[in-house]
Amino acid sequence: MKEYKVVVLGSGGVGKSALTLRYVQGLFLTRYNPTVEDFYRHHTRLDEEEVTVEILDTAGTEQYSSMHQLYIDHGQAFVLVYAIDNKQSFRDVEPLLNQILDMKKTRNYPIIVVGNKSDLEDLREVDREQAERTTKDLWLVPHIQTSAKEDYNVTEMFRRVLRMINSY
Ligand code: GTP
Ligand code: MG
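Residues numbered from 1 in each chain as written. Chains lettered and ligands numbered in written order. Predicted model: local features only at pLDDT ≥ 70, side-chain atom pairs only at ≥ 80, totals over all residues. Heavy atoms only, no water.

1. Notes on the nonpolar core
And then number 1: Judged by nonpolar contacts, the single largest core of 28 residues is most densely connected at Val6, Tyr23, Ile55, Val79, Val114, Met157 and Phe158.
And then number 2: Counting residues per element, the ones that place at least two in this core are β1 (2–10), α1 (16–25), β2 (37–46), β3 (49–58), β4 (77–83), β5 (111–116) and α6 (154–166).
And then number 3: When residues in this core are grouped by element, the largest group, six residues, is from α6.
And then number 4: Leaving out residues up to four positions away in the same chain, Val6 has contacts with Val53, Glu54, Ile55, Leu56, Ala77, Val79, Phe158, Val161, Leu162 and Ile165.
And then number 5: Formed by 22 residues, the second largest nonpolar core is a distinct cluster that contains Phe78, Phe90, Leu96 and Val126. (Core = buried A, V, L, I, M, F, W, Y, C linked by side-chain atoms within 4.5 Å. Buried < 20%, exposed > 50% of the residue type's maximum accessible area, 1.4 Å probe, protein only. Helix = DSSP H or I, 4+ residues; strand = E, 2+ residues; numbered from the N terminus. Contact = heavy atoms within 4.5 Å.)

2. Side note on the side chain of Thr135
And then number 1: Mapped onto the elements, Thr135 comes out in helix α5 (residues 128–138).
And then number 2: Only 3.2 Å separates the side chain of Thr135 from the backbone oxygen of Glu132, close enough to count as a polar contact.
And then number 3: When sequence neighbours within four positions are dropped, the list of residues in contact with Thr135 reads Phe90, Val113, Leu140, Val141 and His143. (Polar contact = N/O pair within 3.5 Å; in protein donor to acceptor, adjacent residues only side chain to side chain.)

Purely spatial values, then, with no claim about function.
Given below as structure tokens:
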């Protein structure tokens, strides 16, 4: 069976675990429980094929950032998450992106930038158009908005990542 190794990165509290749990288990937890490191195996169908998706849900907390090298080594694709109600979390994306491209020694890798918590439109701090332009035109990676809470674009986002691995 085909296996895909996906790593979810981004600053603390942006919804990395919520996106992963929504995708793998179809549930949403309101309570915030910071992650140290969680690993999931998810069986699904992708384009008429049974596949296994391994997801590494990482810690956003700064004190664990020394682990990034190991995660980046491991990953075949990266989901870089920010929250639309947290400007700093968007600023935190670029160094992660650069770290991945440096380690993989390429300018192009299966990476997607995810603006999560799209349900919190009233609290938005990251302009959608500007975020899209920055990621697509400047960083040359796709951008998608999601809501783990409302189950908006979550499966679509992960499927897109798997297809990016296939076509890389
Ligand atoms: P760390 O593990 O500390 O890095 O955080 P994380 O990125 O895994 O964030 P987590 O998934 O734990 O979510 C943090 C908080 O945001 C929790 O209280 C979640 O319920 C909430 N949250 C996550 N996704 C969404 C979303 O799409 N919408 C809203 N409104 N809240 C969300
Ligand atoms: Mg987490």
